[in-house]
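# Notes for the structure review
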Amino acid sequence: MTAPLALTIGDPAGVGPELAAAAWALSDAEALPPFFVVGSARVVEEAARRRGITVPVCTVKAPDEVADCFAGALPVLDLADLAYAPGEPDDGGASLALNALAAATGLVRSGAASSLVTGPIAKSRLARIGFDHPGQTEFVAQACGISPENAVMMLAGPSLKVVPITVHVSLRSVPDLLTAELIRNRSAITAAALARDFGIARPRLAVAGLNPHAGEDGRMGTEDAEIVAPAVAALREAGIEAVGPLPPDTMFHAQAREGYDVAICMYHDQALIPMKALDFDAGVNVTLGLPIIRTSPDHGTAFGIAGTGTARVGPTIAALRMAGECAARRASA
């Protein structure tokens, strides 16, 4: 039997705890694989009560206890007895979020859990307690012995998969950061992950140009001819099916999407705007290039609506389902 998924609580003052509870309440209807929350049983119980749903909680000491109670209760690996204070982040909650991330990562690396699904954190709160990583992705990559350069962010939904080559950087700095090697390496990692974890035997990559009209023969910038095109050529030489650079404004309509499995984009918004326009409630953040499976709902802590019962559970369900599917493929390989 496949080991259960580990779902971190995220910042306990955000929407993570209530969405974990809401996902378990719908686990039968959504056919979700067994999972457990790493965090605080008290917070999860109170978050469920505030949301108006009945979610029994069972505390577990190890993932191998999850199977015995998942059908009747939400298993929680209890790390701290905190009071639930939605919308009021503090250092204690940040410490719990970090400890949960570290513990869950360790359990997945050991094989005790099959996949890591991370709840949303507040990076600014974590920085206050000494967290010196840009985000959870970099923390998990380092824990797995992987360079952050080789941990690739993919946003995946029913309609579209996208990979931004540069991520959380200013638009002004993108042309200076782009290199043919960076595009080639991250695209190759993407192709390998799509084959291994998503069952796409020969992934088709559509590589976006940086500039309008993909530069239009240099009239709108030379980066596409000098950087993007050589990267695409190198991918083809390596046996990866890739086309580009393509004009970004014609890549994302329905007919165009039928021609590829993933869009490789040059910067954050070039990737995430079409993704969120098409799959806002079902988008999943997947980290490629790791020895473990890691997914995350594609949203933040939403402190402003935490505890109101209005946070949508769709992204959490999608992240759990995708992690389970990827784990099953690895287990059967």
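Each remark here, short or long, concerns the structure printed above.
Notes on the structure in this doc start here.

Reading the values: the criteria
- Residue positions are given per chain, counted from 1 along the sequence in the order it is written.
- Local features in this predicted model are restricted to residues whose pLDDT is 70 or higher, and side-chain atom pairs enter the listing and the counts only when it is 80 or higher, whereas totals over whole chains, interfaces and linings include all residues.
- Only heavy atoms go into the side-chain values, all of them from the structure, while hydrogens and water stay out.
- Runs of H or I in DSSP of at least four residues are treated as helices and runs of E of at least two as strands, each being numbered from the N terminus.
- In this treatment the radius of gyration is a C-alpha quantity, and the globule benchmark scales as 2.2 Å times the residue count to the 0.38 power.
- Residue exposure (1.4 Å probe, protein chains only): buried if accessible area is under 20% of the type maximum, exposed if over 50%, otherwise partly exposed.
- Contacts were defined at the residue level, with two residues in contact if any of their heavy atoms lie within 4.5 Å.
- Note on areas: these come from Shrake-Rupley sampling with a 1.4 Å probe, and a residue is covered only by the protein chains present in the view.
- The convention is simple: Lys and Arg are positive, Asp and Glu are negative, and His and the chain ends are not counted.
- Where a charge lies is defined by one atom per residue type, namely NZ (Lys), CZ (Arg), CG (Asp) and CD (Glu).
- Salt bridge, as used here: a side-chain nitrogen of Lys or Arg that lies within 4 Å of a carboxyl oxygen of Asp or Glu.
- We call a pair of cysteine sulfur atoms a disulfide whenever their separation is within 2.5 Å.
- Between N-to-C directions, angles cover 0 to 180 degrees, with each direction set by a line fitted to C-alpha atoms, over the stretch in contact for helices.
- With respect to orientation, any angle under 35 degrees is reported as roughly parallel, any angle over 145 as roughly antiparallel, any angle of 65 to 115 as roughly perpendicular, and every other angle as oblique.
- Crossing chirality is assigned from the near helix's rotation relative to the far helix, an anticlockwise turn below a right angle marking it left-handed and a clockwise turn marking it right-handed.
- Basically, the charged four are Asp, Glu, Lys and Arg, the nonpolar ten are Ala, Val, Leu, Ile, Met, Phe, Trp, Tyr, Cys and Pro, and anything else, Gly included, counts as polar.
- Planes of paired rings set the category: under 30 degrees apart is stacked, over 60 is edge-to-face and the rest tilted, where pairs are Phe, Tyr or Trp rings (Trp by its six-membered ring) whose centres lie within 6.5 Å.
- Here, nonpolar core refers to any group of buried Ala, Val, Leu, Ile, Met, Phe, Trp, Tyr and Cys residues whose side-chain atoms link them within 4.5 Å.
- Note on handedness: a crossover is taken as right-handed if, strands pointing away from the viewer, the path from the first strand over the helix to the second is clockwise.
- Here, strands pair whenever DSSP counts at least two bridges between them.

### With respect to the overall build of the chain
Of the regular secondary structure elements, the chain holds twelve helices and twelve strands. Since a compact globule built from 333 residues should have a radius of gyration of about 20 Å, the 20 Å found for the chain is in line with a globular shape. Judged by the C-alpha coordinates and their principal axes, the chain covers about 60 × 40 × 35 Å. Counting over 333 residues, the chain shows a buried share of 53%. A separation of at least 24 residues holds for 75% of the contacts in the chain among residues at least 6 apart in sequence. Of the roughly 14,000 Å² of accessible surface on the chain, 51% is carried by carbon and sulfur atoms. Taken as two groups, the 25 positive and 35 negative side-chain charges of the chain have centres that lie 1 Å from each other.

### Points about the pattern of salt bridges
Note on pairing: side chains with opposite charge can pair once their charged atoms come close. On inspection of all chains with the given rule, the structure shows 13 salt bridges. Its salt-bridge partner being aspartate 91, residue arginine 128 comes within 3.0 Å of it at the nearest N-O pair. Of the two residues, arginine 128 sits in helix H5 (residues 123-128) while aspartate 91 sits in helix H4 (residues 91-110), which places them 37 residues apart along the sequence. For arginine 128, a relative accessible area of 55% translates into the label exposed. Across the pair arginine 204 and aspartate 261 runs a salt bridge, and its minimum N-O distance is 3.2 Å. Here arginine 204, found in strand E8 (residues 204-208), pairs with aspartate 261, found in the loop between helix H10 (254-257) and strand E10 (262-265); they are 57 residues apart in sequence, far enough to count as distant.

### A few points about the state of the cysteines
Evaluation of the coordinates by the stated rule reveals one disulfide. Sulfur of cysteine 144: no disulfide; nearest cysteine sulfur belongs to cysteine 326 and is 15 Å away.

### Re the packing of H4 against helix H6 (residues 136-143)
One way to put it is that H4 packs onto H6 with a least axis distance of 10 Å and a crossing angle of 40 degrees. Accordingly, the angle class assigned to the pair H4 and H6 is oblique. In this structure, the crossing between H4 and H6 has a hand that is right-handed. Between H4 and H6, the residues in contact are Leu98, Leu101, Ala102, Thr105 and Arg109 and Gln136, Phe139, Val140 and Ala143, respectively. Considered class by class, the residues forming the contact of H4 with H6 number six nonpolar, two polar and one charged.

### With respect to helix H1 (residues 16-25)
Judged by how many residues are buried, H1 sits mostly within the fold: nine of ten residues are covered. Residues of H1 that are buried include every one of Gly16, Pro17, Glu18, Leu19, Ala20, Ala21, Ala22, Ala23 and Trp24, and no others.

### Describing the packing of aromatic side chains
By the definition in use, this model includes two aromatic pairs. Consider the rings of phenylalanine 35 and phenylalanine 70, whose centres lie 5.3 Å apart with planes at 65 degrees: the pair is edge-to-face. Taken as a pair, phenylalanine 35 in strand E2 (residues 35-39) and phenylalanine 70 in the loop between helix H3 (66-69) and strand E4 (74-78) lie far apart in primary sequence, 35 residues in all. Accessibility expressed as a relative area gives 10% for phenylalanine 70, which makes it buried.

### Section: the nonpolar core
Core analysis: the biggest nonpolar cluster contains 98 residues, and Phe35, Phe198 and Met266 have the highest contact counts within it. Here this core gets nine residues from one element, more than from any other, and that element is H4. Dropping the residues within four chain positions of it, methionine 266 is found in contact with Ile165, Thr166, Val174, Leu178, Ile183, Val207, Ala208, Gly209, Leu210 and Val228. In this structure, Met153, Val162, Ala206 and Ala263 belong to the second largest nonpolar core, which totals 15 residues.

### Some points on the pairing of E2
Among the five residues of E2, five are classified as buried, and the element is accordingly described as predominantly covered. Where burial is concerned, the two faces of E2 agree: the one with Phe35, Val37 and Gly39 and the one with Phe36 and Val38 are both buried. This β-α-β element, strand E1 (residues 5-8) to H1 to E2, shows right-handed connectivity. Sheet topology places E2 next to E4; three bridges connect them, and they run parallel.

### Focus: unusual backbone geometry
With an omega of 0 degrees, the peptide bond between glycine 244 and proline 245 qualifies as cis. Assignment of secondary structure puts proline 245 in strand E9 (residues 241-246). In this structure, alanine 214 is a non-glycine residue whose phi angle is positive, near 55 degrees. Secondary-structure assignment places alanine 214 in the loop between E8 and helix H9 (223-237). Positive phi, close to 50 degrees, is recorded for alanine 302, a residue that is not glycine. With respect to the element layout, alanine 302 can be found in the loop between strand E12 (294-297) and helix H12 (314-332). In this structure alanine 302 comes out as partly exposed when scored by relative accessible area, which is 33%.

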